[in-house]
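# What the coordinates show
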Amino acid sequence: MPNVVIVGAQWGDEGKGKVVDIYTEHADEVIRFQGGNNAGHTLVVGDEKTILHLIPSGILHPGKRCIIGNGVVLDPRVFIKEIENLKAKGYMQDDSQLVIDGNVHIIMPYHTNIDIAREEKKGDKKIGTTGRGIGPAYEDKIGRRGIRLNDLIRPDVFARKLQEVLPEKNFYLEKYLGKAPLSEEGILEEYSGYAETLKKYVGCSSTILGKSIAEERNLLFEGAQGALLDVDHGTYPFVTSSSTVSGSACIGSGVGPRCIDHVIGISKAYVTRVGGGPFPTELLDEMGDELRNAGNEFGSTTGRPRRCGWFDAVALREAVRTSGLTGLAITKLDVLNDLESIKVCTAYSYKGEMLEQFPRDFEVLRECQPVYEELEGWQCDISEVTKLEDLPQAARNYLDKLVELAGCPMVLVSVGPRRDQTIQVSNPFLQG
Ligand code: GDP
Ligand code: IMO
Ligand code: MG
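Please read all numbers here as calculations on a predicted model, not as lab measurements. (Residues numbered from 1 in each chain as written. Chains lettered and ligands numbered in written order. Predicted model: local features only at pLDDT ≥ 70, side-chain atom pairs only at ≥ 80, totals over all residues. Heavy atoms only, no water.)

Moving on, we get to the overall build of the chain. Check the secondary structure of the chain and you find 13 helices and 20 strands. Expressed as lengths along the three principal axes of its C-alpha atoms, the size of the chain is roughly 65 × 50 × 40 Å. Counting across all 432 residues of the chain, residues that qualify as buried make up 58%. Accessible surface computed for the chain: about 17,600 Å², of which carbon and sulfur atoms make up 49%. Positive and negative side-chain charges of the chain, numbering 49 and 62 respectively, have mean locations separated by a distance of 5 Å. (Helix = DSSP H or I, 4+ residues; strand = E, 2+ residues; numbered from the N terminus. Buried < 20%, exposed > 50% of the residue type's maximum accessible area, 1.4 Å probe, protein only. Areas by Shrake-Rupley, 256 points an atom, 1.4 Å probe, with all protein chains shown as cover. Lys, Arg positive; Asp, Glu negative; His and termini not counted. Charge placed at Lys NZ, Arg CZ, Asp CG, Glu CD.)

It is worth spelling out the packing of helix 6 (residues 155–176) against helix 7 (residues 184–198) at this point. Any two packed helices are characterised by the angle at which their axes cross and by the distance between the axes. Contact geometry for helix 6 and helix 7: axes closest at 11 Å, N-to-C directions at 145°. Crossing geometry of helix 6 relative to helix 7 is assigned as right-handed. Between helix 6, through F158, A159, L162, Q163 and L166, and helix 7, the contact on the second element is made entirely by E184, I187, L188 and Y191. Taken together, the residues of the contact of helix 6 with helix 7 sort by class into seven nonpolar, one polar and one charged. (Axes fitted to C-alpha atoms, helices over the stretch in contact; angles between N-to-C directions. Left-handed = near helix turned anticlockwise from the far one by under 90°. Contact = heavy atoms within 4.5 Å. Nonpolar A, V, L, I, M, F, W, Y, C, P; charged D, E, K, R; others polar.)

Each donor-metal-donor angle in an ideal tetrahedron of four donors is 109.5 degrees, and each such angle in an ideal octahedron of six donors is either 90 or 180 degrees. Around the magnesium ion (ligand 3), the protein supplies D13 (OD) and G40 (O) as donor atoms, at distances of 2.0 to 2.2 Å. Taken together, the residues D13 in the loop between strand 1 (4–8) and helix 1 (16–23) and G40 in the loop between strand 2 (29–32) and strand 3 (41–45) connect sequence positions 27 residues apart. (Donors = N, O, S within 2.8 Å, 3.2 Å for Na, K, Ca; no water.)

Bringing a negative patch on the surface into the picture now. Together, D285, E286, E290, D338 and D381 make up a negatively charged patch on the protein surface. Among the secondary structure elements, D381 is positioned in the loop between strand 18 (369–376) and helix 13 (393–406). (Patch = residues over 30% accessible without salt bridge, like charges linked within 9 Å, V, L, I, M, F, W, Y side chains within 5 Å. Salt bridge = Lys/Arg side-chain N within 4 Å of Asp/Glu carboxyl O.)

Three or more residues of helix 4 (residues 134–142) are buried, namely I134, G135, P136, A137, Y138 and D140. Against strand 6 (73–74), helix 3 (109–122) and helix 6 lie the buried residues of helix 4.

Another point: the pattern of salt bridges. Counted by the stated rule, this structure contains 27 salt bridges. Put simply, E29 and R217 hold a salt bridge, and the shortest N to O gap is 3.1 Å. One end of the pair, E29, is in strand 2; the other, R217, is in the loop between helix 8 (205–214) and strand 10 (219–222), and 188 residues separate them in sequence. Since its relative accessible area comes to 27%, R217 is described here as partly exposed. Salt bridges sharing partners connect three or more residues here, namely D13, K268, E297, R306 and K332.

Before going further, it helps to spend a moment on the nonpolar core. Generally speaking, nonpolar side chains in soluble globular proteins are found buried as a group. Among the nonpolar cores identified, the biggest contains 56 residues, and F221, L333, L336, W378, L391 and Y398 are the most heavily contacted of them. For this core, the element with the highest residue contribution is helix 13, accounting for eight residues. What L336 contacts, discounting residues up to four positions off in sequence, is A269, Y270, L291, I342, W378 and Y398. Membership of the second largest hydrophobic core comes to 55 residues, among which are Y23, Y110, I147 and I187. (Core = buried A, V, L, I, M, F, W, Y, C linked by side-chain atoms within 4.5 Å.)

With that out of the way, let us pick up unusual backbone geometry. A cis amide bond links Y236 with the next residue in sequence, P237, at an omega value of 5°. Tracing the sequence through the fold places P237 in the loop between strand 10 and helix 9 (248–251). One non-glycine residue, Q225, lies in positive phi territory at about 55°. Within the fold, Q225 resides in the loop between strand 10 and helix 9.

Turning next to the site of ligand 2. Around ligand 2 sit 20 residues, and of these D13, K16, H41, T130 and T240 come closest. Between ligand 2 and H41, the relevant distance is 2.7 Å, taken from an oxygen atom to a side-chain nitrogen or oxygen of the residue. A distance of 2.6 Å is found between an oxygen atom of ligand 2 and a side-chain nitrogen or oxygen belonging to T240. Looking at the shell around ligand 2 residue by residue, the classes come out as seven nonpolar, 10 polar and three charged. No fewer than three residues from each of domain 1 (3–95 + 204–430) and domain 2 (107–199) sit in the shell around ligand 2. (Near = heavy atom within 4 Å. Polar contact = N/O pair within 3.5 Å; in protein donor to acceptor, adjacent residues only side chain to side chain. Domains from an automatic or database assignment.)

Moving on, we come to the site of ligand 1. Taken together, 19 residues sit near ligand 1, with K16, G40, T42, D334 and S414 positioned nearest. Backbone polar atom of E14 to an oxygen atom of ligand 1: 3.0 Å apart, as the coordinates give it. Relative to its free-state accessible area of 590 Å², ligand 1 is covered by the protein chains to the extent of 93%. Of all elements in the fold, only helix 1 and strand 3 reach the threshold of two or more residues within the shell around ligand 1. Grouping the amino acids of the shell around ligand 1 by side-chain chemistry returns four nonpolar, eight polar and seven charged.

To continue, consider the pairing of strand 10. Residues L219 and F221 point to one face of strand 10 and L220 and E222 to the other, with burial holding for every one of them. In this structure, strand 1 lies alongside strand 10, joined through three bridges in parallel fashion. Bridging across to strand 10, V5 finds its partner in F221. As paired elements, strand 2 and strand 10 share four bridges and run parallel to each other. Bridged to I31 within strand 10 is F221. (Pairing = 2+ DSSP bridges.)

Segmenting the chain into domains produces domain 1 (3–95 + 204–430) and domain 2 (107–199). Summarising the inter-unit geometry, the C-alpha centres of domain 1 and domain 2 are found 29 Å apart. Approximately 1,800 Å² of surface area, both sides summed, lies buried where domain 1 meets domain 2, with 62% of it carried by carbon and sulfur atoms. Put simply, domain 1 and domain 2 have one salt bridge between them. Between R77 and E190 there is a salt bridge, and its shortest N-O distance comes to 3.5 Å. (Buried area = accessible area lost by both parts, 1.4 Å probe.)

As structure tokens, this is what we get:
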């Protein structure tokens, strides 16, 4: 105790990796519970940068167990490369530091091929997915034809399941998407090699965490993507294919909701989004470019330039409600250092009406215009500040405004990518 869930409170890339890495010091176990290698979580320790796609962001701390929960979809090719990179850097020297739930669904080559070909076919109507096969893998999970890690490590079961599913996938690839079919033998050969490597990590997330909860150990759940990319509560259809809100931590790891004590939402001091979909405060002018350059807003997974815009309190309030946030971590405040004045969206205007809540009807959302309040900038470098009281008054006023609009207390402020560029206001692990 306590157990803490970290989720993105915007459209992803809020700095979840950095915050999870910082909180891992207080945790015994760090658990990923949804998404796959569409995620790109960046950790910066000293001058060394590590980007993780699948492995929980606690992995740089020796002795802290990292668990990939049942709700994740796992691409073995990416996973194995990630392990190799970490080991080459001197991390994860002990394989028992990592456990993968046997019921994670495996991303197969047809999932990635279908994802990419579908986007191609959709042309300008595409979602702008990461092309990592995430949607097609979750479709198969829900459609009850997925292949799980427990299947992969049993050669006869894997061969049987592949034999059942591949003709349908090849039919779709060839006849509908106009792409080459995949060879069963090729997949069997390649994936049996992965099974050998993955075997030693297989375990049961629910059983391990159940025991941890009984022993009152501290759990840290690491969300991927962000609240507005949630398949139910996000800007559908421009969303990812998993549940990204905090409730997903329970389903994707096999624990009950009563064990969660705190839910921390991560939000940038402005907003970014990668891929298509509505984004009311998007800046398509020079200011957008300025934020992108100052914040180095290029995707950690695909390298795509991120769309940038002003802080959106209406969208954040949606995350506060759908994830039941108990605390807010505001990141990348330093990116606003040079601005003379900063805008904050407090409400939307829709056909002359003021909306304080995020419209859950896409047709309404697309016609909303942001209503802004303008605040004074601080125009100095805050990237080495480690105490709230040492921030310039204008920066404090800005944070106070965000907190007031969000209706949620602030627990942390990040002023740079490094671990030590952090202002801890109230650590949830030290609150009981
Ligand atoms: P995640 O997906 O939520 O873990 O976020 P990403 O790692 O995709 O993107 C966040 C980016 O911002 C990374 O490059 C981080 O190193 C960087 N970052 C995190 N916090 C800060 C901060 O406070 N200031 C600045 N300038 N960069 C930050
Ligand atoms: P982290 O965990 C930002 C976006 C994609 C696309 C949509 C669907 O690093 O915050 P998908 O490949 O999931 O089917 O793509 O979701 N997306 C992300 N955007 N950060 C992420 O992860 C994302 N994961 C998916 O850009 O718009
Ligand atoms: Mg990211």
